Amino acid sequence: MEHHVHPFSELFEQLGLAADDASIKAFIEQHAPLPPTMAIYEAPFWNRSQAAFLEGALEEDADWAEVVDHLDTSLRKG
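Predicted model only: the values in this text are computed from it and were never measured.

In this section: the packing of aromatic side chains. Tallying each qualifying case throughout the model produces six aromatic pairs. Look at F53 and W64: their rings are 5.5 Å apart centre to centre, the planes differ by 75 degrees, and that puts the pair in the edge-to-face class. Taken together, the residues F53 in helix α3 (residues 48-59) and W64 in the loop between α3 and α4 (65-76) connect sequence positions eleven residues apart. Overall, W64 belongs to the buried group, its relative accessible area being 13%. Members of the aromatic cluster, connected to one another through ring pairs, are F8, F12, F27, F45 and W46.

Before going further, it helps to examine the side chain of Q50. As for its position among the elements, Q50 is in helix α3. Within the structure, the side chain of Q50 is placed 2.7 Å from the backbone oxygen of L15, a separation counted as a polar contact. Setting aside chain neighbours within four positions, we find Q50 in contact with L15, L17 and F45.

Pairs can form between side chains of opposite charge whenever their charged atoms are close. Counting across every chain of the model gives two salt bridges. The closest approach of N and O atoms between K25 and E29, which form a salt bridge, is 3.8 Å. Within this pair, K25 and its partner E29 are both found in helix α2 (residues 21-31), separated by four residues, close to a single helical turn. Owing to a relative accessible area of 52%, K25 belongs among the exposed residues under this scheme. Put simply, D72 and R76 hold a salt bridge, and the shortest N to O gap is 2.5 Å. Here D72 pairs with R76, and both are found in helix α4, just four residues apart, close to one helical turn.

Definitions and limits used
- Residues numbered from 1 in each chain as written.
- Predicted model: local features only at pLDDT ≥ 70, side-chain atom pairs only at ≥ 80, totals over all residues.
- Heavy atoms only, no water.
- Phe/Tyr/Trp six-rings, centres within 6.5 Å; stacked < 30°, edge-to-face > 60°.
- Helix = DSSP H or I, 4+ residues; strand = E, 2+ residues; numbered from the N terminus.
- Buried < 20%, exposed > 50% of the residue type's maximum accessible area, 1.4 Å probe, protein only.
- Polar contact = N/O pair within 3.5 Å; in protein donor to acceptor, adjacent residues only side chain to side chain.
- Contact = heavy atoms within 4.5 Å.
- Salt bridge = Lys/Arg side-chain N within 4 Å of Asp/Glu carboxyl O.

Next up, the structure:
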């Protein structure tokens, strides 16, 4: 099975967020760090649709999983 690699900015677009570099940086700075025991999709700043998308991407090991992992890592740094 061939996996499509999604750019980081495309994940932000998929989540309905501003996807330019400055907006991505500001989002991460605003919301990091996530508690170590909190799954990324459990973070309180996601709406239901966003959280469901993130959870599904990880559980299904979908094409989005790699870039969701990147976002998770970025949100863990503080």
